[in-house]
Amino acid sequence: MTTFLAIIQTSFRRQLTYRAANLSGLATNLMFGFFRAGVLIALYQNRTSVNNLTIQGAITYAALAQAIIGILSFFHWFDLMNTVYDGQVGSDLLRPQNFFLYWLGIDGGRALGSLLVRSIPLFAVFSLFYKVVLPKTLLQWIAFASALLFSWLISFGWRFLVNLAAFWTPNAIGVGRFAFGLSWIFSGFFMPLALFPDWLAKFSRLTPFGASVYIPIQIFIGNIQGTQLLEGLLIQVCWVIGLIILDHAVLKLGIKKLVIQGG
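Keep in mind that what you see is a predicted model, and the values were worked out from it rather than measured. (Residues numbered from 1 in each chain as written. Predicted model: local features only at pLDDT ≥ 70, side-chain atom pairs only at ≥ 80, totals over all residues. Heavy atoms only, no water.)

## Describing the packing of aromatic side chains
The condition that has to hold: The pairing test for Phe, Tyr and Trp rings, Trp by its six-membered ring, is centres within 6.5 Å, and the orientation test on the planes gives stacked under 30 degrees, edge-to-face over 60, and tilted for anything in between. Helix and strand definitions follow DSSP, with helices as H or I runs of at least four residues and strands as E runs of at least two, each counted in order from the N terminus. With a 1.4 Å probe rolled over the protein chains alone, any residue whose accessible area is under 20% of its type maximum counts as buried; one over 50% counts as exposed, and the rest are partly exposed.
Tallied over the full model, the rule gives 22 aromatic pairs. On the numbers, 5.6 Å between centres and 80° between planes, the contact of F123 with F220 is edge-to-face. Taken together, the residues span a long stretch of sequence, with F123 in helix α6 (residues 99-129) and F220 in helix α10 (residues 208-221) at a distance of 97 residues. By the burial criterion, F123 is buried, and F220 matches it.

In C-alpha cells form, the structure reads like this:
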C-alpha cells in the first residue's frame, strides 16, 4: 500500500508540473462547455423540461461533463500501449509492484491532479455565467463523490483493457480509436441521454460508458434518487468488478504471449 500511495503522489506531482498544458486544457474545456450550453439552450427553446431534464439541469450537465473529462480521460489514453511498443513494459513487469496497481496508481495521481487544477476551477468559472444545479443534501454529495470514484475506476478498467491490444498487434492505435469512439457515443457526453431515443438511452445507461458519465451527473443534478440511485451505483460497482476481472485475465494472456515471443 505504501508503494501504491507513493506512485499516486509521484503521478500527482507530475500532473501539476505541466502548468501550460493544464491551463490550455482548462480554457479549451471551458470554451466547449459554453458552446454546449448554448446549443442546449437553443434546443430547448421555450421548453422548461424534456424527459424530466430541466433547462438548468441540462446546462449543469454540459458544465459537469466538460469538468470530468480530465478526470476520466475516457476518450484518449495510449500510455500503456506505448510502453509495449518501446519495450519499457518489460521492466514494468519486473517491478515489485503489481502491474495493474502500478498503472492504477499512475492514473489515480493524474486524475486527482486534473480534479484540482481543471475540473473544480472549470465548474466554478462556469457557474459565474450560468445558474447551475447543485446537490441539496450531504447524502447527495456523498453519493456523487462515490459515483465519480466508480466512474474513474470504470474508465481506467476500460482504457487498460483497450491498451492491452498492443500485445497482439504491431499498431493498436486504430483499435484504441474505435474503442474510445464507442465511449463518445454511448456515454451521453455529447448530449444528455435523456434527449436520446428511449431504446438507445436505456441501452447506453447499461454500458460502462453511460455508467461512468451519465450516472454521476444525474446524481449531481438530482434526477435519480432513492431506489434509482442505488441501482445506478450497483451498475457501476458491477462494471468495476467485471472490468478488473477481465483486465487481469487478458493481461495474463498478454504476458504469456510476450514471454513466448522473447519480448
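## Some remarks on the packing of α6 against helix α7 (residues 138-163)
The test is simple: Axis definition: a line fit to C-alpha positions, over the contact stretch in the case of helices; interaxial angles, taken between N-to-C directions, run 0 to 180 degrees. Roughly parallel means an angle under 35 degrees; roughly antiparallel means over 145; roughly perpendicular covers 65 to 115; every other angle is labelled oblique. Crossing handedness is defined as follows: a turn of the near helix away from the far one that is anticlockwise and smaller than a right angle gives a left-handed crossing, while the clockwise case is right-handed. Whether two residues are in contact is decided by their heavy atoms, any of which lying within 4.5 Å being enough. Here the nonpolar group is Ala, Val, Leu, Ile, Met, Phe, Trp, Tyr, Cys and Pro; Asp, Glu, Lys and Arg are the charged ones; every other residue, Gly included, is treated as polar.
In contact at an axis separation of 11 Å, α6 and α7 are set at 125° when each is read in the N-to-C sense. Judged by the inter-axis angle, α6 sits oblique to α7. Here α6 runs over α7; the crossing is right-handed. Contact with α6, carried on its side by F99, F100, W103, L104, D107, G108, R110 and A111, involves W152, L153, F156, R159 and F160 of α7 and no other residues of that element. Residues of the contact of α6 with α7, tallied by class, amount to nine nonpolar, one polar and three charged.

## Thoughts on the environment of A124
Take A124: it is sitting in helix α6. We classify A124 as partly exposed; its relative accessible area is 39%. Along the backbone, A124 and A67 are 57 residues apart, and their C-alpha atoms lie at a distance of 9.8 Å.

## Let's talk about the side chain of S187
Keep this limit in mind: Polar contacts, as counted here, are pairs of nitrogen or oxygen atoms within 3.5 Å of one another; within protein the pair requires one atom able to donate a hydrogen and one able to accept it, and residues that are adjacent in sequence qualify only if both atoms are side-chain atoms.
With respect to the element layout, S187 can be found in the loop between α8 (173-186) and α9 (198-206). With a relative accessible area of 0%, S187 lands in the buried category. At 3.1 Å, the side chain of S187 forms a polar contact with the backbone nitrogen of F189. If sequence neighbours within four positions are ignored, S187 has contacts with Y61, F75, L193, F209, G210, V213 and Y214.

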